[in-house]
Amino acid sequence: MASTPDDAAAHLSLDVEFSGGLEMLFSDQRQHSLTLPAEDKDGNPSTIAFLIHHLCENVMKDTRKELFVLQDHLRPGILVLINDADWELEGEEEYELKNGDNILFVSTLHGG
Amino acid sequence: MDKIEQLRREIAEKEAELVQLRAQLVDAEKLSAGIENDKDEGEGEWKWPLAESDYERYSRQMIVPNFGLQGQLNIKHAKVLLVGAGGLGCPAAAYLAGAGVGTLGLVDGDAVEASNLHRQVAHSTDRVGMMKVDSAVTYLKGLNPTITYRAHATHLTPQNAEEIVSQYDLVLDCTDHPTSRYLISDICVLLSKPLISASAFQTSGQLIVLNNPPGKGPCYRCVFPKPPPPESVIGCGEGGIIGPVVGVMGVLQALEAIKLLVRGDHLKSRAGDEEAVKQVGMLLFSAMGDVPFRTVRMRGKRKGCFACAGDDSALTLNELKTSMDYIQFCGVNQPVKLLQPEERISVVEYERISRESKTHLLLDVREKEHFGLSNIRGSINIPIGRFTAHRGEGSELSDLIPGDVPPDAPIYIVCRVGNDSQIATKKLKDLGVDRNGERFIGDILGGLKAWKAAVDPSLPFI
């Protein structure tokens, strides 16, 4: 089959950033340009939960996964910002990713 | 050493005394000027709302658009509490004192250390050893002797929080641990005080205004309902901090405080004020980022929040005082216990081994910055991250062990205090480097801290 315009929409380009010390878990690299399938294997739109799983499986080099994910969810003390808004304003893990989204993971700081 | 300490303390005391005397002089001068004014009946009478000297001292901020006399009067009549007189508290207090906040309170139970001085700008070399609150007040009185200072030389606790915080209109959280951050937020909610919270670590900072207006804006628990796991909490003492990074955050706290006081937010009553709560933003500062400052939109109040829900289920003052255990809530970092006693050797034993000059390997798994500052002679630096990033099968072992070492040479692993060295030792064993026990791999108990204490006191320990 020849490729159709749909194929372009079958993938999402995302800018993923880490800060506040989380970059340490991702090869000390703050910014990652990622391409994700627009749908998971069951045909559901890709969500933040899917992105977190993808980051753990394919992007994170460090084996200390518990510093990012606890019991299958993001660990407490990490803020997720979707296009500069708290993910709680956007539906948290259920938020459906859109092409070009900027997703920032920030660890909360306590020092002073 | 004792002599030096004693002299430092004496100088600090004399300086504090000098500041007191200068403040008394200012007061006496003011009083005598007042008496003269009283004598000068009629046209000599002082008829302006601020003291004469205030017009000069605060002129540059009062002429800024929308600040004006009313802004200065709001600031003059405000009582502001800073919890923490460290990297955030020092610059914040300096600007608030300079701006003429009527009463400035400081809470801190720590004493000044030399390692504070690169960022805690209100302290000084000759005040090392002095309580931070007293040192800061000494500095602040030099800056502005005309306002009132209250030094609370204690840590804030569930028991003393109500008594201290109730004396103020506005609170700045300048502390350095999640336990104090939850406590401060809870007491501010219960006493209806707006809270300006900032934090900093290494090259990053965060700032958010909470519980503003009281009862309407989100509290710290709304934004961070669960504390981070204790092993992910690293203090400035261990992770480091760049002075101007925490300084910027403290200065921004002072700015938010001045904005809030000039607007008069703290004067608006809790009940009946129907104005809509503005979108809450959190400022993220990343000194090394391409965009150093960005403001992100945050959620509002959390329905059913443990502290600020405002219904019968919410925390009460009495509960805070009698049954809240913030240390337990945030968790305590458990010491690492991965190795058996026979897998660990003492620093004295390693010192003996190193003198025998048998071929062996000493791996130091601290970060390269730590290693570059001080290390045990002959040790090789392989930072712990290289071990934790190692995925096992198929990956190259040469990342972790230099290739030119005989395969039976024993491996000793050292770190700062003896935690990461266990993780690295276990990793090498899991990778089969010990060849089922044929080759010794173990760590050095107590790390460089113990080495300094028992073997080489000259080693700088950071």
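Just above, that's the structure.
Predicted model, so just to flag it, every value in this text is computed and none were measured.

Procedures and definitions
Numbers given to residues run from 1 along each chain, matching the order in which its sequence is written. Ligands are numbered from 1 and chains lettered from A, in the order in which they are written. Reporting in this predicted model follows two pLDDT cut-offs: at least 70 for local features of residues, and 80 or more for side-chain atom pairs to be given and counted; totals over whole chains, interfaces and linings ignore these cut-offs and use all residues. With C-beta atoms placed from the backbone, a residue counts as buried when 20 or more other C-beta atoms lie within 10 Å of its own, as exposed when 12 or fewer do, and as partly exposed for counts between those limits. In DSSP terms, a helix is any run of H or I states spanning at least four residues, a strand is any run of E spanning at least two, and both are numbered starting from the N terminus. Any two strands with at least two DSSP bridges between them are considered paired. Fitted lines through C-alpha atoms give the axes, limited to the stretch in contact for helices. The angle between two N-to-C directions lies from 0 to 180 degrees. Take the far helix as the reference: if the near one is turned anticlockwise from it by less than a right angle, the crossing is left-handed, and if turned clockwise, right-handed. The contact criterion used is a C-beta to C-beta distance within 7 Å, with each C-beta placed from the backbone. Residue polarity is assigned by list, with Asp, Glu, Lys and Arg as charged and Ala, Val, Leu, Ile, Met, Phe, Trp, Tyr, Cys and Pro as nonpolar; anything else, Gly included, falls into the polar class.

### What about the pairing of strand S6 (residues 204-210) of chain B?
All names here are of chain B.
- Burial of S6 is extensive: 7 of the 7 residues sit out of reach of the surface.
- Every second residue of S6 is oriented toward a common face, with Ser-204, Gln-206, Ile-208 and Leu-210 on one face and Gly-205, Leu-207 and Val-209 on the other, all of them buried.
- Examined bridge by bridge, strand S5 (residues 195-201) and S6 share 7 bridges and lie antiparallel to one another. Within S6, the position partnered with Ala-198 by the bridge is Leu-207.
- Linking S5 back to S6 in an antiparallel pair, the connection comprises 2 residues, with Gln-202 at a positive phi of about 55 degrees.

### Side note on the packing of helix H5 (residues 89-99) of chain B against helix H11 (residues 243-263) of chain B
Residue and element names in this part refer to chain B.
- Interhelical geometry of H5 versus H11 gives an angle of 35 degrees and a closest axis separation of 7 Å. Taken as a pair, H5 and H11 cross one another with a handedness that is right-handed. Residue-level contacts link Gly-89, Cys-90, Pro-91, Ala-92, Tyr-95, Leu-96 and Ala-99 of H5 to Gly-247, Gly-250, Val-251, Gln-253, Ala-254, Ala-257 and Ile-258 of H11.
- Looking at side-chain class alone, the contact of H5 with H11 contains 10 nonpolar, 4 polar and no charged residues.

### Considering the interface of chain B and chain A
- Between chain B and chain A, the residue contacts involve 41 residues of the former and 25 residues of the latter.
- Elements represented by at least two residues in the side of chain B that touches chain A include exactly helix H8 (178-190), S5, S6, strand S7 (280-286), strand S8 (293-298) and helix H16 (384-388) of chain B.
- In the side of chain B that touches chain A, the residues fall into 18 nonpolar, 16 polar and 7 charged.

### Quick notes on the sheet that holds strand S10 (residues 361-364) of chain B
All names here are of chain B.
- With parallel pairing, 5 strands are arranged side by side in an open sheet as S9-S13-S12-S10-S11. Of all strands in the sheet, those with a lone pairing partner are strand S9 (344-345) and strand S11 (380-381), marking the two edges.
- Note: S10 against S11, 2 bridges, orientation parallel. When the bridges of S11 are listed, Asp-364 appears paired with Asn-381.
- Across the sheet, helix H17 (residues 420-430) is in contact with S10, strand S12 (411-414) and strand S13 (441-444); its angle to S13 comes to roughly 175 degrees.

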